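Given next are the chains, with one letter for each unit.
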Amino acid sequence: MLVLGIETSCDETGLALYDGDCGLLAHVLYSQVELHADYGGVVPELASRDHVRKAIPLLRELFRQAGIDAGAVDGVAYTAGPGLIGALLVGAALGRSLAWAWGVPAVAVHHLEGHLLAPLLDAEPPAFPFIALLVSGGHTLLVWVGGVGEYRILGESVDDAAGEAFDKTAKLLNLPYPGGPALARLAEQGNPDRLRFPRPMTERPGLDFSFSGLKTFALNTWRSLEPSPDNAAAVARAFEDAVVDTLVIKCRRALRQTGIGRLVVAGGVGANRRLREHLRELAVAEGGRAYFPRPEFCTDNGAMIAYAGYRRLLAGQCDDLAIRATARWPLDSLQPPGPVVQS
Ligand code: KG4
Ligand code: ZN
């Protein structure tokens with residue numbers, strides 16, 4: 001079964017072709033980062049318009065790269081939420097319409113399910129069940145993953161997402177957008193022994209996170225120092241160490257509580273080098289193993305949507321002809337794949 005995947009939930013237009021026998025045939029990605037850089041964040045209306053501009057040329061490029069004809073597609077998967085509603089509607093309308101025109105089934109995919117299943121695209125995928133740490137610009141979640149569509153949220157952020165905290169802290173240090181990777185680069189030059197930031201919510205039991213206080217702590221520390229490159233690097237390093245340490249402490253707790261050793265790290269912050277190193281060490285120390293999707297599949301992409309859609313279409317799930325997109329869609333409301341009975 002050959003599935004076209006379409007991702008347009010935020011500021012990346014991603015398209016991919018996944019085949020049940022041959023794996024990923026091709027994937028293309030266009031990032032709107034430059035478009036939003038002047039504004040210091042994603043402008044929803046501009047994002048929607050840019051998806052409209054880029055989707056069809058990218059689709060043509062995808063088929064060209066894969067060297068196949070659109071007639072070979074057996075199903076279409078598109079991100080239907082959660083995300084920016086205008087941006088989602090572009091991918092949903094395109095995906096649903098193409099499926100109708102080609103006479104093949106279409107399936108609406110949950111963006112976070114895409115992230116959670118992205119490591120299954122790798123040559124050595126983790127077996128179910130596994131624990132997933134999903135750390136992106138919009139989400140920080142610890143999830144027990146029993147199978148496709150079997151998700152139990154163990155903990156989540158009560159305020160800012162980890163990526164959001166990276167971006168906001170980077171902004172106060174006057175780093176360019178998007179801040180996460182820039183802050184991580186600056187932290188490389190920072191003396192780790194100069195400053196120490198708190199590890200929020202690690203003193204009490206539980207698996208929830210809170211990162212907004214850490215951002216305020218960084219702001220107050222930065223204001224109390226001489227504005228010099230050395231001090232900026234020390235703040236960046238102390239902030240990164242605090243976020244990484246906090247995530248490691250909660251992951252250790254989750255592995256011990258569940259008795260599961262397989263830890264999957266997904267989402268854009270999963271590209272952070274120091275976080276990867278520490279989580280790798282943690283999983284080994286706990287007698288397990290950490291799994292990371294390839295960096296290009298950590299951030300938003302069409303391949304993860306094509307794969308998640310493939311798993312659902314294969315089980316007979318497909319949608320009616322309505323074009324559906326939803327800005328809010330709780331992850332734990334998902335069901336394992338299977339034919340959907342419309343009421
Ligand atoms: O998953 P993603 O591409 O988009 C969604 O939010 O869905 O994640 C983007 C987030 C941004 O907040 C970005 O700053 C952060 O991931 N990020 C990083 C790094 N690379 C990307 N944060 C810390 N260190 C990095 N190396
Ligand atoms: Zn994402």
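All figures in this text were calculated on a predicted structure; none of them were measured in a lab.

Basis of the calculations
- Going along each chain's sequence as written, the residues are numbered from 1 onward.
- Throughout, the order in which chains and ligands are written sets their labels, letters from A for the former and numbers from 1 for the latter.
- Predicted model: local features are reported for residues with pLDDT of at least 70 only, side-chain atom pairs are reported and counted for 80 or more only, and whole-chain, interface and lining totals are derived from all residues.
- The side-chain quantities take in all heavy atoms of the structure and omit both hydrogens and water.
- Put simply, buried Ala, Val, Leu, Ile, Met, Phe, Trp, Tyr and Cys residues joined by side-chain atoms within 4.5 Å make one nonpolar core.
- For the exposure calls, accessible area comes from a 1.4 Å probe over protein chains only, and a residue counts as buried if that area is under 20% of its type's maximum, exposed if over 50%, partly exposed in between.
- Helix and strand labels come from DSSP, where a helix needs a run of H or I of at least four residues and a strand needs a run of E of at least two; each type is numbered from the N terminus.
- Throughout, a residue-residue contact means that at least one pair of heavy atoms, one from each residue, lies within 4.5 Å.
- One fewer than the residue count of a helix, multiplied by 1.5 Å, yields its expected span.
- At any given residue, the bend is defined as the angle formed between two axes, one fitted to the seven residues that end at that position and one fitted to the seven that begin there.
- Each Phe, Tyr or Trp ring, with Trp reduced to its six-membered ring, pairs with another whose centre is within 6.5 Å; inter-plane angles below 30 degrees give stacked pairs, above 60 give edge-to-face pairs, and intermediate values give tilted ones.
- Salt-bridge detection follows one rule: a side-chain nitrogen of Lys or Arg within 4 Å of a carboxyl oxygen of Asp or Glu.

With that settled, the discussion passes to the nonpolar core. Membership of the largest hydrophobic core comes to 47 residues, with the highest contact counts inside it found for Leu133, Leu173, Phe197 and Leu279. Elements that contribute at least two residues to this core include exactly strand S6 (130-135), strand S7 (140-147), helix H5 (162-172), helix H6 (179-187), helix H7 (212-224), helix H8 (229-258), strand S9 (262-266) and helix H9 (273-285). Ranked by the residues each element gives to this core, the list is headed by H8, at 15 residues. Ignoring sequence-local partners within four residues, the contact set of Leu173 consists of Leu183, Leu186, Trp222, Ala232, Val235 and Ala236.

Counted at 1.5 Å a residue, the expected span for helix H2 (residues 44-66) with its 23 residues is 33 Å, and the 31 Å between its end C-alpha atoms agrees. At Lys54, H2 shows its maximal kink, close to 35 degrees; a proline, Pro57, follows between one and four residues later. On its buried face, H2 sits against strand S1 (2-7), strand S2 (12-19), strand S3 (23-31), helix H1 (33-37) and helix H3 (85-102). Gly67, located one to two residues past H2, shows a positive phi value of around 70 degrees.

Our next topic: the packing of aromatic side chains. Throughout the structure, instances matching the rule amount to eight aromatic pairs. Residues Phe197 and Phe217 carry aromatic rings whose centres are separated by 5.0 Å and whose planes lie at 65 degrees to one another, so their mutual orientation is edge-to-face. Residue Phe197 is found in the loop between H6 and H7, and its partner Phe217 is found in helix H7; the two are separated by 20 residues along the sequence. On the basis of relative accessible area, Phe197 is assigned to the buried category, the value being 2%. On the basis of an interplanar angle of 40 degrees and a centroid distance of 6.3 Å, the ring pair of Tyr307 and Tyr310 is categorised as tilted. Taken together, the residues span about one helical turn, with Tyr307 and Tyr310 both in helix H11 (residues 302-314) at a distance of three residues. Given the relative accessible area of 6%, Tyr307 is considered buried. A relative accessible area of 11% places Tyr310 in the buried class.

This part is about the pattern of salt bridges. Following the criterion strictly, the structure yields 19 salt bridges and no others. With a closest N to O distance of 3.2 Å, Arg49 and Glu45 form a salt bridge. Placement of the pair is Arg49 and Glu45 together in helix H2, with a separation of four residues, close to one helical turn. Judged by relative accessible area, Arg49 falls into the partly exposed class, the value being 44%. Several salt bridges share partner residues, and in doing so they unite Glu188, Arg237, Glu240, Asp241, Arg273, Arg274 and Glu277 into one network.

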